[in-house]
Amino acid sequence: METLSDKLLIKAYSDAKTNNLNFDFIRLLEDEILRRIVVKLISESKVESISTISSLSIDSNVVNEYFNLA
């Protein structure tokens, strides 16, 4: 899934939700979206401690900002 662009990933997720596709497929897309957000947050903050990473809260504003949907 790493070869899929962010834009295409969001389009696939949106289409999957719109067409009521399989829950597991939608969940897979959601997991990948969140993984990319976490990777970006970590790389931008250069966090060194796993306890700091665990305490990060991710809200929809971060998701929208990351994917330029805001």
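Quick look at the structure, then.

Calculation criteria
Here, residues in each chain are numbered from 1, in the same order as that chain's written sequence. The model is predicted, so local features are restricted to residues of pLDDT at least 70 and side-chain atom pairs to those at 80 or more, both for listing and for counting; the totals for chains, interfaces and linings are taken over all residues. Note that water and hydrogens are dropped before the side-chain values are worked out from all heavy atoms of the structure. Just to be clear on terms, a salt bridge is a Lys or Arg side-chain nitrogen sitting within 4 Å of an Asp or Glu carboxyl oxygen. Working definition: helices are DSSP H or I runs of at least four residues, strands are E runs of at least two. Numbering for both runs from the N terminus. When a residue's accessible area, from a 1.4 Å probe over protein chains only, is under 20% of the maximum for its type it is buried; when over 50% it is exposed; and in between it is partly exposed. Helix span, as expected, comes to 1.5 Å for every residue beyond the first. Pairs of N or O atoms within 3.5 Å make up the polar contacts considered here, provided that, within protein, one atom can donate a hydrogen while the other can accept it, and that residues adjacent in sequence are counted only when both atoms are side-chain atoms.

**Quick look at the pattern of salt bridges**
No. 1: Here the structure, examined in full by the defined rule, presents 6 salt bridges.
No. 2: Between Asp6 and Arg36 there is a salt bridge, with the nearest N and O atoms lying 2.6 Å from each other. In this pair, Asp6 sits in helix α1 (residues 6-18) while Arg36 sits in helix α2 (residues 23-45), placing the two residues 30 residues apart along the sequence.
No. 3: By relative accessible area, Asp6 is classed as partly exposed at 27%.

**Some thoughts on α2**
No. 1: Taking 1.5 Å per residue, 23 residues should reach 33 Å; α2 reaches 33 Å between its end C-alpha atoms and fits that length.
No. 2: Taken as a whole, α2 has its buried residues at Ile26, Leu29, Glu32, Ile33, Arg36 and Ile37.
No. 3: Capping of α2 at its N-terminal end is provided by Asn22; its side-chain oxygen lies 2.7 Å from the backbone amide nitrogen of Asp24.

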